[in-house]
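Each chain, written out:
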Amino acid sequence: MEPKIAKKGPYMMEMQPGKYYWCSCGQSANQPFCDGSHERLNTGMTPVEVEVRYPKTVAWCGCKHSKKPPYCDGAHNKL
Ligand code: FES
């Protein structure tokens with residue numbers, strides 16, 4: 001199953017330290033984070049756990065095709 005393209009571009013967000021679960025399936029209504037939809041829809045995909053250690057801006061992948069998940073690598077430009 002191919003992930004759904006949630007957005008053709010990154011979600012740029014100011015992040016605080018903490019643990020986050022990036023949605024890899026593209027089905028979450030709470031992009032770019034997992035809301036459990038991957039399980040409800042039986043996508044066979046699971047979120048990527050990330051620990052942010054200090055406050056910073058993160059470019060979360062929105063198209064779900066990045067080769068460096070959960071971060072944007074410009075893959076949306078080729079979709
Ligand atoms: S909702 Fe997409 S990985 Fe959980």
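Cut-offs applied
- Residues numbered from 1 in each chain as written.
- Predicted model: local features only at pLDDT ≥ 70, side-chain atom pairs only at ≥ 80, totals over all residues.
- Heavy atoms only, no water.
- Core = buried A, V, L, I, M, F, W, Y, C linked by side-chain atoms within 4.5 Å.
- Buried < 20%, exposed > 50% of the residue type's maximum accessible area, 1.4 Å probe, protein only.
- Helix = DSSP H or I, 4+ residues; strand = E, 2+ residues; numbered from the N terminus.
- Contact = heavy atoms within 4.5 Å.
- Phe/Tyr/Trp six-rings, centres within 6.5 Å; stacked < 30°, edge-to-face > 60°.
- Lys NZ or Arg CZ within 6 Å of the ring centre and 35° of its normal.

Some remarks on the nonpolar core
And then number 1: Tyr11, Met15, Tyr20, Trp22, Phe33, Val50, Val52, Val58, Trp60, Cys61, Cys63 and Ala75 together form the largest nonpolar core, which totals 12 residues.
And then number 2: Elements with a contribution of two residues or more to this core: strand S1 (11-15), strand S2 (18-22), strand S3 (48-52) and strand S4 (56-60).
And then number 3: Apart from the residues lying within four places of it in its own chain, the contact partners of Trp22 are Pro32, Phe33, Cys34, Pro47, Val48, Trp60, Cys61, Lys64, Pro69 and Pro70.

Focus: the packing of aromatic side chains
And then number 1: On inspection of all chains with the given rule, the structure shows 4 aromatic pairs.
And then number 2: Considering the side-chain rings of Tyr20 and Trp60, the 6.3 Å spacing of their centres and the 55° angle between planes classify their relative orientation as tilted. Residue Tyr20 is located in strand S2, and its partner Trp60 is located in strand S4; the two are separated by 40 residues in the primary sequence. Of the two residues examined, Tyr20 and Trp60, each falls in the buried class.
And then number 3: Through pairs of rings, three or more aromatic residues link up here, namely Tyr20, Phe33, Trp60 and Tyr71.
And then number 4: We note Lys7 situated over the ring of Tyr11; from NZ or CZ to the ring centre the distance is 4.7 Å.

Here we look at unusual backbone geometry
And then number 1: The amide bond that connects Gln31 to the next residue, Pro32, takes the cis arrangement and shows omega of 5°.
And then number 2: In the segment running from Pro69 into Pro70, the intervening peptide bond is cis, with an omega of 10°.
And then number 3: With respect to the helices and strands, Pro70 occurs in the segment after S4.
And then number 4: Phi at Asn42 is positive, roughly 55°, even though this residue is not glycine.
And then number 5: With respect to the element layout, Asn42 can be found in the loop between helix H1 (37-40) and S3.
And then number 6: The backbone of Lys64 shows a phi angle near 70°, a positive value even though the residue is not glycine.
And then number 7: Examined against the element boundaries, Lys64 turns out to sit in the segment after S4.

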